[in-house]
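Each chain is listed here by its residues.
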Amino acid sequence: MSSINKLYLIFPDTHKPLCDIVSQGLEEMLKITCQKTNYNLSTLDLQNIYQISKSFDDKSILILAYWDVIPSESFYKLGIAFEKKSSIILINIQSKIQNMQEIPPYVKNDYSLTLLENENVDLRNNLRNLLIDLEQTIKIILADNNLIDDLYHRSLIYCKRLEEKTNHIIDKVDFNVFRERIMSFEKSSSSDTLTQLFKTKSDELYSILLSCIASDKLQIYEVLTIARNLAKERENIDKNSKNITNNITYHQYGKNDNIGGDNVKRDKIG
């Protein structure tokens, strides 16, 4: 087991109560000390970043939460691109599932979890699941990152995301079957393939994980097809919405008419 005995939680200042709940839950489940910091992304400066990054100079686990979508360059503001000894867990707190953001490849992180919060979800249950995911993730880190355990955990998280996106359940094999499949893949390829894919967060890794975790490979094909079609539909909707906005014309007419939104106060004829 690793010698890490402290967790660092960095949450948006809009989510201080959530930070307190997560901190208390992890301390109770793992019997480990949590240190909490809250930030305001718009007011972070170099001195704030230095203070935050200094807090986890020693070997530690950093849990950093952000709300909805953060511009890629802002990850640097939070010090996540810094090369530290820490294991970094990102939590994307989403108001909508479609706001899920791909983590840029240059951003240092070991795990990425999600919490969906809006009026249409069971927030208590979502939060309970997040704490369970965090507990399992931290236990893997504390166990010195056994690669197969780690890959199994990642494959479950990836399946969960696909299920949320497509509203389709993926039937999964148990850990022992998964391990046999992974070891078989490793044996049939170069010995460090999985390790390299793991380090680079390659898309190829997720394809391998899906093929190893799914009990029915046809099911994976179906879910991935649905996910691609949904993404294409959203893309077309966004494109059409943009075209409609760009093509809007305002017809102004009548005495002191100001339908078009300008500041000209005079009679206009359409």
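Residues numbered from 1 in each chain as written. Predicted model: local features only at pLDDT ≥ 70, side-chain atom pairs only at ≥ 80, totals over all residues. Heavy atoms only, no water.

Peer 1: Explain the packing of helix α4 (residues 123-142) against helix α5 (residues 147-166) residue by residue, including any values.
Peer 2: Packed helix pairs are characterised by how far apart their axes lie and by the angle those axes make with each other. α5 packs onto α4 with a crossing angle of 160° between their chain directions and a minimal axis gap of 10 Å. Judged by the angle between their axes, α4 and α5 are roughly antiparallel. Judged by the twist between their axes, the crossing of α4 over α5 is left-handed. Contacts from Asn129, Asp133, Gln136, Thr137 and Ile140 in α4 reach Asp149, Asp150, His153 and Lys160 in α5. (Axes fitted to C-alpha atoms, helices over the stretch in contact; angles between N-to-C directions. Helix = DSSP H or I, 4+ residues; strand = E, 2+ residues; numbered from the N terminus. Parallel < 35°, antiparallel > 145°, perpendicular 65-115°, else oblique. Left-handed = near helix turned anticlockwise from the far one by under 90°. Contact = heavy atoms within 4.5 Å.)

Peer 1: Just give me the short version of the sheet that holds strand β1 (residues 6-12), but keep the residues and values in it.
Peer 2: Spatially, β2-β1-β3-β4-β5 is the arrangement adopted by the five strands of the open sheet, whose pairing is parallel. Every interior strand has two partners, whereas the edge strands, β2 (33-39) and β5 (111-116), have only one. Across the sheet, the mean angle from the axis of one strand to that of its neighbour is 20°, orientation sign disregarded. Taken together, the seven bridges between strand β3 (residues 61-67) and strand β4 (residues 87-94) define a ladder with parallel strand orientation. Pairing of isoleucine 61 across the sheet is with serine 87, part of β4. Across the face of the sheet, α4 comes into contact with β1, β3, β4 and β5 while running at roughly 170° to β5. (Pairing = 2+ DSSP bridges.)

Peer 1: Describe the pairing of β3, and please don't skip the residues or the numbers.
Peer 2: For β3, a buried count of six out of seven residues is recorded, marking the element as mostly surrounded by other parts of the structure. When β1 meets β3, the two strands line up parallel, connected through four bridges. Paired with tyrosine 8 across the strands is leucine 62, a residue of β3. (Buried < 20%, exposed > 50% of the residue type's maximum accessible area, 1.4 Å probe, protein only.)

Peer 1: Break down the pairing of β2 for me, with residues and values.
Peer 2: Moving residue by residue along a regular strand, the side chains alternate between the two faces of the sheet. Bridge analysis of β1 against β2 gives seven bridges, and the strand direction is parallel. If you follow phenylalanine 11 over to β2, its bridge partner there is asparagine 38. Read as a crossover between parallel neighbours, the route from β1 over helix α1 (residues 16-30) to β2 is right-handed. (Right-handed = clockwise from strand over helix to strand, strands pointing away.)

Peer 1: Break down helix α6 (residues 175-188) for me, with residues and values.
Peer 2: Taking 1.5 Å as the rise per residue, α6 with 14 residues should run 20 Å; its terminal C-alpha atoms sit 20 Å apart, in good agreement. Taken together, the buried positions of α6 are occupied by Phe178, Ile182 and Glu186. For α6, the angular spread of the buried residues around the axis is 70°, confining them to a single face. Of the exposed residues in α6, those oriented more than 90 degrees away from the buried face are Glu180, Lys187 and Ser188. Between the side-chain oxygen of the N-cap and the backbone nitrogen of asparagine 176 there are 3.2 Å, and the N-cap of α6 in question is aspartate 174. (Expected span 1.5 Å × (residues − 1). Arc of directions from axis to C-beta. Polar contact = N/O pair within 3.5 Å; in protein donor to acceptor, adjacent residues only side chain to side chain.)

Peer 1: Lay out the pattern of salt bridges with the relevant residues and their values.
Peer 2: Per the counting criterion, the structure on display carries three salt bridges. The partner of aspartate 20 in a salt bridge is lysine 36, with the nearest N and O atoms 2.8 Å apart. Of this pair, aspartate 20 sits in helix α1 while lysine 36 sits in strand β2, placing them 16 residues apart in sequence. The class of lysine 36 is partly exposed, set by a relative accessible area of 41%. Note that glutamate 163 and lysine 172 form a salt bridge whose closest N and O atoms lie 2.9 Å from each other. Glutamate 163 sits in the buried class, given a relative accessible area of 15%. For lysine 172, a relative accessible area of 33% translates into the label partly exposed. (Salt bridge = Lys/Arg side-chain N within 4 Å of Asp/Glu carboxyl O.)

Peer 1: Let's hear about α5: which residues, and what values?
Peer 2: Under the 1.5 Å per step criterion, the end-to-end length of α5 is 28 Å for 20 residues, consistent within 8% with the ideal 28 Å. Asp150, Leu151, Tyr152, His153, Arg154, Ser155, Ile157, Cys159, Leu162, Glu163 and Thr166 are the residues of α5 that are buried.

Peer 1: An account of the packing of aromatic side chains is needed here, citing residue identities and associated values.
Peer 2: On inspection of all chains with the given rule, the structure shows three aromatic pairs. Aromatic pair tyrosine 158 and tyrosine 206: ring centres 4.7 Å apart, planes at 40°, arrangement tilted. With a gap of 48 residues between them, tyrosine 158 in helix α5 and tyrosine 206 in helix α8 (residues 203-213) connect regions that are remote in the sequence. (Phe/Tyr/Trp six-rings, centres within 6.5 Å; stacked < 30°, edge-to-face > 60°.)

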